[in-house]
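Next come the chains, spelled out residue by residue.
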Amino acid sequence: MTADALAPALLRAIADRLAGRLGIPVELASLGGIDAPPAILIRHGGVAHLFAPQSAASADDRDPAAPDASAAAGRPAVIVVANELPAATRAELRQRGTAHADAAGAAWLRLPGLLVDLDPASDGSAPRRRGRPRQSGDRAATASRPLVNPFSDASGLVLRALLRDPDRTWSQKELTEATELSVGHVSDTIKSLSALHHVFESGGKRGKSIRLANPARLLLDWARKVDRPGPASHVFYMDAPLDAREALLVDAFDTPDLAGRWALTLHAAGRHLAPHVVQDRLHAYVAADRIDAATARLEDEFFLARVPADRPDQGNIHLLAPHDARGTFVDATMIDGVPVVSPVQLFLDLVHWPLRGSEGASALIRGRLGEQLHLDPDARRALLAHVA
């Protein structure tokens, strides 16, 4: 089976064509695996029916006399898909009782109380293509050119909103309000995410619904695009245990200009969100336009010793200016009286951190982050395999 045979762009075209011809909701839905192709979901009679796509070549290997028992076994039924199924192939699949559909509009499948038997569209709503048959890879190649970088700092605000509530169906207006971005940027970000198969879109001209396809796959793809936290530009040493150093920062940064502008990260945050790795160094983000004032306060009012710039390893309080000035502090929370970055931000920071960062990221997946993303055991194992 080739990758193009089940290209998400082809599946989306088939789902849209079915929805238009049947007049009932048809969309794509994740089957759970990070690399698994999406399923086709048809809603009829108040029930959601899942069909797992299969290429025509794979269907040829099945026993012609064997009916599809997947649905009876509680699994998605098989549906054979293609850019265009020849009439002879459709007739053979129909005789077998195998559901099938193509991008030209042909479809045959059974639902409780409904038999779908459609020939290729010839009603003018979907003109047949002329010239050479378009390959599924052509559509995928066109769709894979993002309009904007969906992993930029600004677009990251959309990702944070989607990952904050992974089961929610959003409207573009709701995402615009949640992120305080322009309508155009949110629209372009969603189009880019859709082209990369990270979100499903459904609906028409009156407004589209947007739903996250696979939170684990989106988070992993995002982590591959971002840099790890840079070296701390402001390093101090304090002869005191970690709890005392945290308490000092809370006291020192208890000023209006630093409210919501600093938070623990890396293993210092991990011990509050997912205790696993014990490390004595305390890392905290401070907004770039506040970090100099925060440093001066630690030196002048709390008499902390500044560590020479060429010897950062001698320090145990490391202040970092965030790469992402807009998103780093989004969803930061107070835990045990200390501000801590969100589980999503902490994962992005830890996953590339050289000092036991993958261990900390794995602990997050098993705990707080896995719970937030509603990952089942199989999805957690798949994500852990990519992090380790």
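Here is a short report on the structure shown in this document. Computed from a prediction, not measured in an experiment: that's the story for all the values here.

**Some details on the overall build of the protein chain**
When you go through the protein chain residue by residue, the secondary structure sums to 15 helices and 17 strands. In the protein chain, which comprises 388 residues, the proportion classed as buried is 49%. Within the protein chain, residue pairs in contact and separated by at least 24 positions form 64% of the contacts whose partners lie at least 6 positions apart. Surface exposure of the protein chain reaches about 18,500 Å², of which carbon and sulfur atoms provide 51%.

**Focus on the pairing of strand β6 (residues 107-111)**
Of all five residues in β6, four are buried, a share of seventy percent or more. Sheet analysis places strand β5 (residues 99-102) next to β6, joined by two bridges and oriented antiparallel. If you follow Ala101 over to β6, its bridge partner there is Ala107. Counted between consecutive antiparallel strands, the loop separating β5 from β6 contains four residues, among which Gly105 sits at a positive phi close to 110 degrees.

**Digging into the nonpolar core**
By size, the foremost hydrophobic cluster in this structure holds 74 residues, and its most contacted members are Phe253 and Phe347. A per-element tally of this core places helix α5 (residues 153-164) first, with seven residues. If you look at the next biggest cluster of nonpolar residues, it comprises 25 residues, including Val81, Ala99, Ala107 and Ala213.

**Notes on unusual backbone geometry**
A negative phi holds for most residues other than glycine; trans holds for most peptide bonds. One non-glycine residue, Asp336, adopts positive backbone phi at about 55 degrees. Mapped onto the fold, Asp336 is located in the loop between β16 (333-335) and β17 (338-340). For Asp336, a relative accessible area of 67% puts it in the exposed group.

**A closer look at the pairing of strand β3 (residues 47-55)**
Direction of pairing for strand β2 (residues 39-44) relative to β3: antiparallel, over a ladder of five bridges. Looking across to β3, one finds that Ile40 is bridged to Phe51. Across five bridges, the pairing between β3 and strand β4 (residues 77-82) is parallel. Looking at the pairing, Ala52 lines up with Val78 of β4.

**A word on helix α11 (residues 291-300)**
Along α11, the residues that are buried comprise Ile291, Ala294, Thr295 and Leu298. Down the axis of α11, the sector holding all buried residues measures 100 degrees, keeping them to one side. Residues of α11 that are exposed and point more than 90 degrees away from the buried face comprise Asp292 and Asp300. Lining the buried residues of α11 we find β11 (234-237), α9 (242-252), β13 (282-286), β14 (305-306) and β15 (317-320).

**Focus on the packing of α5 against helix α8 (residues 215-225)**
Direction vectors running N to C along α5 and α8 enclose 150 degrees, while the axes themselves pass 11 Å from each other. Considering the angle they form, α5 stands roughly antiparallel to α8. Between α5 and α8 lies a crossing whose hand is left-handed. Across from Gly156, Leu159, Arg160 and Leu163 in α5, the residues of α8 making contact are Pro215, Leu218, Leu219 and Trp222. Broken down by class, the residue content of the contact of α5 with α8 amounts to six nonpolar, one polar and one charged.

**Description of the pattern of salt bridges**
Here the structure, examined in full by the defined rule, presents 19 salt bridges. The residue Glu27 makes a salt bridge to Arg211 at a minimum N-O spacing of 2.9 Å. Of this pair, Glu27 sits in strand β1 (residues 26-29) while Arg211 is found in strand β10 (residues 207-212), placing the two residues 184 residues apart along the sequence. With its nearest N and O atoms 2.4 Å apart, the salt bridge here joins Asp243 to Arg271. On the criterion of sequence distance, the pair formed by Asp243 in helix α9 and Arg271 in helix α10 (residues 266-273) is long-range, its members being 28 residues apart. Looking at Asp243, the relative accessible area reads 51%, which means it is exposed. It is possible to trace a salt-bridge network through shared partners that takes in Glu27, Arg43 and Arg211.

**A closer look at the sheet that holds β1**
Paired through their backbone hydrogen bonds, the strands of a sheet run either parallel or antiparallel. Taken together, the seven strands give an open sheet; going across it, the order is β1-β2-β3-β4-β5-β6-β7, and neighbouring strands pair in mixed fashion. One side of each edge strand has no neighbouring strand; the edge strands of this open sheet are β1 and β7 (114-118). Within this sheet the neighbouring strands show an average axis-to-axis angle of 30 degrees, counted without direction. Most of the contacts of helix α1 (residues 8-22) go to β1, to which it runs at about 155 degrees, and overall it touches β1, β2, β3, β4, β5, β6 and β7. Lying over the sheet, helix α3 (residues 87-96) contacts β4, β5, β6 and β7, oriented at roughly 155 degrees with respect to β5.

**Considerations on empty space enclosed by the protein**
In this approach a probe as big as a water molecule rolls over the atoms, and the regions it shows empty are the leftover space. Evaluation of the coordinates by the stated rule reveals two cavities of 30 Å³ or more. Taken together, His267, Gly270, Arg271, Ala274, His276, Val277, Leu346, Leu350, Gly360 and Leu364 make up the full set of residues lining the largest cavity. Here the element with the most residues in the lining of the largest cavity is α10; it accounts for three residues. A breakdown of the residues in the lining of the largest cavity according to their chemical character gives five nonpolar, four polar and one charged.

Conventions adopted
Every chain begins its residue count from 1, and numbering advances along the sequence as written. A pLDDT threshold of at least 70 governs which residues receive local features in this predicted model, and a stricter bar of 80 or more applies before side-chain atom pairs are shown or counted, although totals over entire chains, interfaces and linings include all residues. The side-chain values count all of the structure's non-hydrogen atoms but skip hydrogen atoms and water molecules. Put simply, DSSP H or I for four residues or longer makes a helix, DSSP E for two residues or longer makes a strand, and each gets a number counted from the N terminus. Using a 1.4 Å probe on the protein chains alone, a residue whose accessible area is under 20% of its type maximum counts as buried, one over 50% counts as exposed, and one in between counts as partly exposed. The contact definition used throughout considers only heavy atoms, calling two residues in contact when any of these lie within 4.5 Å. What sets the accessible areas is the Shrake-Rupley method with a 1.4 Å probe; for residues, cover comes only from the shown protein chains. At least two DSSP bridges between two strands are required for those strands to pair. Side-chain atoms within 4.5 Å link the members of a nonpolar core, which is a set of buried Ala, Val, Leu, Ile, Met, Phe, Trp, Tyr and Cys residues. The arc in question is traced by the directions running from the helix axis to the C-beta atoms. To get an axis, fit a line to the C-alpha atoms, keeping to the stretch in contact for a helix; angles then go from 0 to 180 degrees between the N-to-C directions. Angle categories are assigned with fixed cut-offs, so that under 35 degrees is roughly parallel, over 145 is roughly antiparallel, 65 to 115 is roughly perpendicular, and the rest are oblique. Should the near helix be turned counterclockwise from the far one by less than a right angle, the crossing is left-handed, whereas a clockwise turn marks it as right-handed. Side-chain classes are defined by residue name, with Ala, Val, Leu, Ile, Met, Phe, Trp, Tyr, Cys and Pro counting as nonpolar, Asp, Glu, Lys and Arg as charged, and the others, Gly among them, as polar. Counted as salt bridges are all cases of a side-chain nitrogen of Lys or Arg within 4 Å of a carboxyl oxygen of Asp or Glu. Using a grid of 1 Å spacing that covers the protein atoms alone, one calls a set of points a cavity when a 1.4 Å probe fits there but cannot get out, and a pocket when the set is open and has protein on both sides within 12 Å along at least five of seven lines; lining residues are those with an atom within 4 Å of a point. Grid points are joined across faces, edges and corners, and a volume is the space filled by probe spheres set on the points.

Purely geometric stuff here, so don't read any function into it on its own.
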